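Each chain is listed here by its residues.
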Amino acid sequence: MPVMTYLDAIRQGIWEEMERDPSVFLLGEDIGDYGGAFKVTAGMLKKFGAERVIDTPISESAIVGAAVGAALMGMRPVAEMQFMDFISCGFDQIVNMAAKIHYRWGAKVPLVIRGPSGAGVHGGPFHSQSNEMWFVHTPGLKVVVPATAYDAKGLIKAAIRDDNPVLYFEHKFLYRRIKDEVPEGDYTVPIGQARVAREGTDIAVITYGAMVWTALEAAEQLAKEGVSLEVVDLRSLLPYDEQAVLATVRKCNKVILLHEGTRTGGMAGELAALLAEKAFEDLDGPIVRITAPDTPVPFSPPLEEFFLPNAKKVAEAARKLAAY
Amino acid sequence: MPTNVIMPQMGESIVEGTVTKWIKKVGDRVERDEPLFEISTDKVDAEIPSPASGTLAKILVKENETVGVNTVVAVIDGEGVEKPAMAESVQTAKPAATAAAPTAPRPAPPAPAVARLSGKVRSSPLVRRIAREHSVDLALVPASGLGGRVSKKDILSYVAQAGPAAASPVAPAAPQVSPTPAAPRMVFTGPIETVAMTPMRRQIAEHMILSEHTSARVTTVFEVEMSRVSHLRTKSAAEFERRNGLKLTYTPFFVRAAVEAIKEFPIFNSSVEGTNIIYRRDVNIGIAVALETGLIVPVIKSADEKNFLGLARAVQDLAERARTKRLSVDDVQGGTFTITNPGVFGSLFGTPIINQPQVAILGVGIIEKRAVVRHDAIAIRPMVYLALTFDHRIIDGAVADQFMSRIKAVVENWDEPVL
């Protein structure tokens, strides 16, 4: 099976969907000639032509608005945000239009908005945010966050084929840093299904995005110390896989909830509430959150390092929890 | 400052208790949490710890006297540093009460040990649940967690060591019978090998005993002719498999027959809770699957809403995933009626044990050709014995036999197309 980068897997997924379905088209800033700021759409203009790979003005509101309109008319637009931070300019179009239309009059909005999010590349406060939770709080949207190349391809395909607006959060730190096996040809990863990234017995680490790799690194360390971590990659945040979350906690009885986004109102808080409601009597220790603190992402590299969760922080918390 | 000692409420439904013994006499020095007196209630006998340190000033309720809960039974003269009397008595009475009366819809286990001391032991919700299920006094479990906390590891190894005595299952919701005396310890002579039960085996063991303690079971056996189904199966098996990629087995026929009978007799799709019969609106049929390591019962959800192909597919999918250990927790929960199939191992019929909290289970024996009498001649027909075990608490024999007659009629006069 070919090994490819996370970024190439996204490109291949979009490419195959463009070939498969003529109603799929792309729009975004500098996605044509330039191939996108991170080159996700490199080569697409030449292959599919300017009608299906549309360079837009620098206006996220216009990009999302046009995409919502096209989706209503039966197209399947894939809109790129150059950085997911800029999505706020199209916020109203997403949460008040795209997310509500199906509930209001039953129309489909088969729309994908994708782009790079996340920190770790010294991008500063406007190019590093993990802002997925803005949308997880909006019924009517779907939110996915692939961590592997395999899931990157499978989820972009599932997102494009989904009849609902799907926000597809790529992690820019992973673009060229990770590689894994990606089958040739067609497959999808179902939205709403988590994956056990590593089996373990003592502590469940539930996470997503780049933090899956952080959790795996910590698990590797702790295995040497005799503490077995199970790592669950949520893959989808809205809807999220409640059964998988409950299953891993019922198995391990202790849990760490890990994410790169800031703490208050984060996914970890939501999962903690679920566990308190449905798995109270399965808990053998406190529910532990490891997240970024409630601040913007700092520009200074040492501060950014302090801000982000890492394997060392996860390992320390896991040791404490194991001894609890 | 004097502290009132009250009769604690040892369970939600308990309204009074009897003081069986005063451990301290008037004038004795007593430490907070030290055993002060013993009580007996409908459900629990317990030792009650003192709510405060001080001197036992007054005993207001004598031994063998019965009073309502929250009645003041004694007064302790404190040392002036204690918190106000009300807060004290409430605080200390509560932990014992909650430990004995879990929020689960079961009555408190008839084990005084749990009520006695668990209020003082640091543990976790999981550990308290395991303690409740196994009637373990947490105070006796060696603790290895931070700050003397009893962890999951601690209680699991304690339960494993203590063996069946400590691992006796929780008493059922049925009327309380006097606890069975402990079986005399048997001593085998000669070489032996001791093998610990796997967790699955332990669960099965507990669940089976729980069932035997819960329902009043009766088994009725019907003989059913399989000619129509057998013929249909021979005729359609190849085409069915070609179209659907599924083997055409007998199981979905029996599932369908059971569903039809349940529709007519919904009592077979119910549960007993206390003195209520709970009719379950979903018809979720559990299928017992034998594994090398034990037995598991995955569930076909909403079996009444599936057509024949849907049932066949569900049966195959669940069996396949059971064998490859890919069942989810959800797959094995929510069953309302169970079908087991000892016939595949050659059994003529069995007397299956009810899968609690259900009230009936259908066992399918071996399907084989037998000599039967038809029109006063001996004929050869494919036959099967169907055994139904039902809970006589809520189902009488006549109803059970009507239910079985309905199943027999559906199978013998099968008219639903399978293709």
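Residues numbered from 1 in each chain as written. Chains lettered and ligands numbered in written order. Predicted model: local features only at pLDDT ≥ 70, side-chain atom pairs only at ≥ 80, totals over all residues. Heavy atoms only, no water.

Enquirer: Would you mind going over the overall build of chain A with me for this structure?
Expert: Counting its regular elements, chain A contains eleven helices and 14 strands. Counting across all 324 residues of chain A, residues that qualify as buried make up 57%. Considering only contacts within chain A whose residues lie at least 6 apart along the sequence, 84% involve residues at least 24 apart. Taken as a whole, chain A presents about 12900 Å² of accessible surface, with 57% of it coming from carbon and sulfur. (Helix = DSSP H or I, 4+ residues; strand = E, 2+ residues; numbered from the N terminus. Buried < 20%, exposed > 50% of the residue type's maximum accessible area, 1.4 Å probe, protein only. Contact = heavy atoms within 4.5 Å. Areas by Shrake-Rupley, 256 points an atom, 1.4 Å probe, with all protein chains shown as cover.)

Enquirer: Can you walk me through the sheet that holds strand β1 (residues 2-6) of chain B in this structure?
Expert: Each strand in a sheet pairs with its neighbour through backbone hydrogen bonds, running either in the same direction (parallel) or in the opposite one (antiparallel). Residue and element names in this part refer to chain B. Within the open sheet, the four strands sit side by side as β1-β8-β6-β3. Their pairing is antiparallel. On the outer flanks of this sheet lie β1 and β3 (29-30), each paired with one strand and no other. Where β3 meets strand β6 (residues 54-59), two bridges bridge the pair, whose relative direction is antiparallel. Across the sheet, Val30 pairs through a bridge with Gly54, a residue of β6. (Pairing = 2+ DSSP bridges.)

Enquirer: What is the right way to look at the side chain of Ser215 of chain B in this model?
Expert: All names here are of chain B. Among the secondary structure elements, Ser215 is positioned in the loop between α5 (199-214) and β9 (217-225). By relative accessible area, Ser215 is classed as buried at 9%. Aside from chain neighbours lying at most four places away, what touches Ser215 is Ile354, Gln356, Asp391 and Arg393.

Enquirer: Teacher, can you tell me more about the environment of Val359 of chain B here?
Expert: Residue and element names in this part refer to chain B. When you line up the elements, Val359 lands in the loop between β16 (337-340) and β17 (360-364). For Val359, a relative accessible area of 1% translates into the label buried. As a C-alpha pair, Val359 and His392 span 33 residues in sequence and 8.7 Å in three-dimensional space.

Enquirer: What is the right way to look at a nonpolar patch on the surface in this model?
Expert: Residue and element names in this part refer to chain A. A grouping of Leu72, Met73 and Trp105 is seen on the molecular surface, where their side chains present a nonpolar patch of about 370 Å² in accessible area. Mapped onto the elements, Met73 comes out in the loop between α3 (60-72) and β4 (76-80). For Met73, a relative accessible area of 71% puts it in the exposed group. (Patch = residues over 30% accessible without salt bridge, like charges linked within 9 Å, V, L, I, M, F, W, Y side chains within 5 Å. Salt bridge = Lys/Arg side-chain N within 4 Å of Asp/Glu carboxyl O.)

Enquirer: Explain the packing of helix α7 (residues 251-264) of chain B against helix α8 (residues 308-323) of chain B here, please?
Expert: How two helices pack is summed up by the angle between their axes together with the distance between the axes. All names here are of chain B. Remark: α7 packs on α8, axes separated minimally by 9 Å, with the N-to-C direction vectors making an angle of 120°. When the interaxial angle is binned, α7 and α8 end up oblique. Crossing handedness for the pair α7 and α8: right-handed. Contacts between α7 and α8 involve Thr251, Pro252, Phe253, Val255 and Arg256 from the first element and Phe308, Leu311, Ala312 and Val315 from the second. Taken together, the residues that form the contact of α7 with α8 break down as seven nonpolar, one polar and one charged. (Axes fitted to C-alpha atoms, helices over the stretch in contact; angles between N-to-C directions. Parallel < 35°, antiparallel > 145°, perpendicular 65-115°, else oblique. Left-handed = near helix turned anticlockwise from the far one by under 90°. Nonpolar A, V, L, I, M, F, W, Y, C, P; charged D, E, K, R; others polar.)

Enquirer: Hey, could you run me through helix α11 (residues 311-323) of chain A in this one?
Expert: Along an α-helix, a turn takes 3.6 residues, which lines up residues three or four apart on a common side. Residue and element names in this part refer to chain A. In this model α11 runs 18 Å from its N-terminal to its C-terminal C-alpha over 13 residues, within 8% of the 18 Å that 1.5 Å per residue would give. By the burial criterion, the buried members of α11 are Ala311, Val314, Ala315, Ala317, Ala318 and Leu321. Looking straight down α11, one finds that the buried residues subtend no more than 165° of arc, so they occupy a single side. When the buried face of α11 is taken as reference, the exposed residues oriented beyond 90 degrees from it are Lys312 and Lys320. At its buried positions, α11 is contacted by β10 (203-207), α7 (211-224), β11 (229-233), β13 (255-262) and β14 (288-292). A distance of 3.1 Å separates the backbone nitrogen of Lys312 from a side-chain oxygen at the start of α11, and that oxygen is part of Asn310. (Expected span 1.5 Å × (residues − 1). Arc of directions from axis to C-beta. Polar contact = N/O pair within 3.5 Å; in protein donor to acceptor, adjacent residues only side chain to side chain.)

Enquirer: So what exactly am I meant to see when it comes to the packing of α7 of chain A against α11 of chain A here?
Expert: Residue and element names in this part refer to chain A. Contact geometry of α7 with α11 gives a least axis separation of 8 Å together with a crossing angle of 50°. It follows that α7 is oblique to α11 by the angle criterion. At the point where α7 passes α11, the crossing takes the right-handed sense. Packed against α7, whose contacting residues are Thr214, Glu217, Ala218, Gln221 and Leu222, the element α11 presents Ala311, Val314, Ala315, Ala318 and Arg319 at the interface. By residue class, the composition of the contact of α7 with α11 is six nonpolar, two polar and two charged.

Enquirer: For this particular structure, what's the right way to read helix α9 (residues 267-278) of chain A?
Expert: For α9 of chain A, built from twelve residues, the straight-helix expectation of 16 Å at 1.5 Å per residue is met to within 8% by its first-to-last C-alpha distance of 17 Å. Buried residues along α9 of chain A sit against α5 (133-136), β10, β12 (236-238), α8 (242-252), β13 and β14 of chain A.

Geometric descriptors of this kind do not, in isolation, establish any biological role.
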